[in-house]
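Summary of the model geometry
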2 protein chains.
Amino acid sequence: MSRVVVEVMLKPEILDPQGRAVEGALDRLGLVGVTSVRQGKRFEIELAGPLDASRRERLNELAETLLANPVIENFTVHVVEDA
Amino acid sequence: MSRVVVEVMLKPEILDPQGRAVEGALDRLGLVGVTSVRQGKRFEIELAGPLDASRRERLNELAETLLANPVIENFTVHVVEDA
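A short tour of the structure in this document, coming up. (Residues numbered from 1 in each chain as written. Chains lettered and ligands numbered in written order. Predicted model: local features only at pLDDT ≥ 70, side-chain atom pairs only at ≥ 80, totals over all residues. Heavy atoms only, no water.)

Remarks on the packing of helix α2 (residues 53-67) of chain A against helix α1 (residues 17-28) of chain B
The interhelical angle for the contact between α2 of chain A and α1 of chain B, taken along N-to-C directions, is 130 degrees, at an axis separation of 11 Å. Classified by the angle between their axes, α2 of chain A and α1 of chain B sit oblique to one another. Crossing geometry of α2 of chain A relative to α1 of chain B is assigned as right-handed. Residues L62, L66 and L67 of chain A of α2 of chain A touch α1 of chain B, and the partners they reach there are V22, A25 and L26 of chain B. (Axes fitted to C-alpha atoms, helices over the stretch in contact; angles between N-to-C directions. Helix = DSSP H or I, 4+ residues; strand = E, 2+ residues; numbered from the N terminus. Parallel < 35°, antiparallel > 145°, perpendicular 65-115°, else oblique. Left-handed = near helix turned anticlockwise from the far one by under 90°. Contact = heavy atoms within 4.5 Å.)

Some words on the sheet that holds strand β2 (residues 34-47) of chain B
Reading across from one edge, β3(A)-β1(A)-β2(A)-β2(B)-β1(B)-β3(B) is the order of the six strands in this open sheet, with antiparallel pairing throughout. Two strands bound the open sheet, and with one partner strand each, they are β3 (73-81) of chain A together with β3 (73-81) of chain B. Here the average twist between neighbouring strands, direction ignored, is 20 degrees. Pairing of strand β1 (residues 2-10) of chain A with β3 of chain A involves eight bridges; the strand directions are antiparallel. Directly across from V6 of chain A, in β3 of chain A, lies its bridge partner V77 of chain A. Helix α1 (residues 17-28) of chain A rests against β2 (34-47) of chain A together with β2 of chain B of the sheet, and its axis sits at about 120 degrees to β2 of chain A. (Pairing = 2+ DSSP bridges.)

A word on the side chain of D16 of chain A
Residue and element names in this part refer to chain A. Mapped onto the fold, D16 is located in the loop between β1 and α1. Buried charge without a partner: D16 forms no salt bridge, and the closest opposite charge is R38, 4.3 Å away. Residues contacting D16, with those up to four places away along its chain left out, are L10, V37, R38 and Q39. (Buried < 20%, exposed > 50% of the residue type's maximum accessible area, 1.4 Å probe, protein only. Lys, Arg positive; Asp, Glu negative; His and termini not counted. Salt bridge = Lys/Arg side-chain N within 4 Å of Asp/Glu carboxyl O.)

Overview of the relation of the copies chain A and chain B
The two chain copies are related to each other by a rotation about an axis together with a translation along it. It takes a turn of 180 degrees to lay chain A on chain B, together with a shift of 0.0 Å along the axis; the resulting RMSD is 0.0 Å. Between the two chains, the operation in question is that of a two-fold axis. For chain A, the smallest separation between a C-alpha atom and the rotation axis is recorded for K41 of chain A, amounting to 2.3 Å. (Least-squares fit on C-alpha atoms with pLDDT ≥ 70 in both.)

Quick notes on the pairing of β1 of chain A
Residues and elements named next belong to chain A. When you tally the buried positions in β1, you get seven out of nine residues, the bulk of the element. Relative to β2, β1 runs antiparallel, the two being bridged by seven bridges. Bridge pairing in β2 places V8 opposite K41.

What to know about the layout of surface pockets
One number sums up the size of the largest pocket: a volume of about 260 Å³. Lining the largest pocket we find 18 residues, and of these G40 and K41 of chain A together with Q39, G40 and K41 of chain B sit closest to its centre. Sorting the residues of the lining of the largest pocket by element identifies β1 and β2 of chain A together with β1 (2-10) and β2 of chain B as the ones contributing at least two each. Its residues assigned to classes, the lining of the largest pocket shows six nonpolar, six polar and six charged. (1 Å grid on protein atoms, 1.4 Å probe; cavity = no way out; pocket = protein on both sides within 12 Å on 5 of 7 lines; lining within 4 Å. Points joined across faces, edges and corners; volume = space filled by probe spheres on them. Nonpolar A, V, L, I, M, F, W, Y, C, P; charged D, E, K, R; others polar.)

So this is what it looks like as structure tokens:
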């Protein structure tokens with residue numbers, strides 16, 4: 001079994017209203033000195049068997065097209081386990 | 001500046017309809033052998049100055065009460081940078 005984590009965050013130049021709301025709430029609730037909060041998505045994907053080159057490539061393509069919107073988001077793909 | 005990442009995922013026993021939808025889409029779009037997808041949230045928090053014990057404690061409390069719903073979600077707090 002293989003395990004992959006895909007993290008998707010808004011690009012730094014894109015306004016993140018959810019993150020801003022959390023930033024204000026953390027400050028009001030007594031966490032001092034918060035300068036920035038960005039909120040993103042995290043996908044934990046499990047696959048049967050090892051990740052060969054063609055599956056890795058397809059996974060990267062789908063991270064870019066299905067999981068993230070590359071116009072406004074950056075993404076990273078981490079292979080946590082490959083067996 | 002300190003940087004902290006909080007990851008929030010639904011507990012394994014809680015149904016994750018977003019994750020299931022992504023699982024179906026990955027399979028239809030040609031990624032073979034996907035057995036599970038779970039979708040969660042990720043917060044990147046930046047704070048001025050170092051994280052002393054009281055700020056760390058407040059951050060953990062707020063992760064549990066504001067960022068996650070501990071009835072249905074698990075969370076992890078990673079200090080990425082502390083200076």
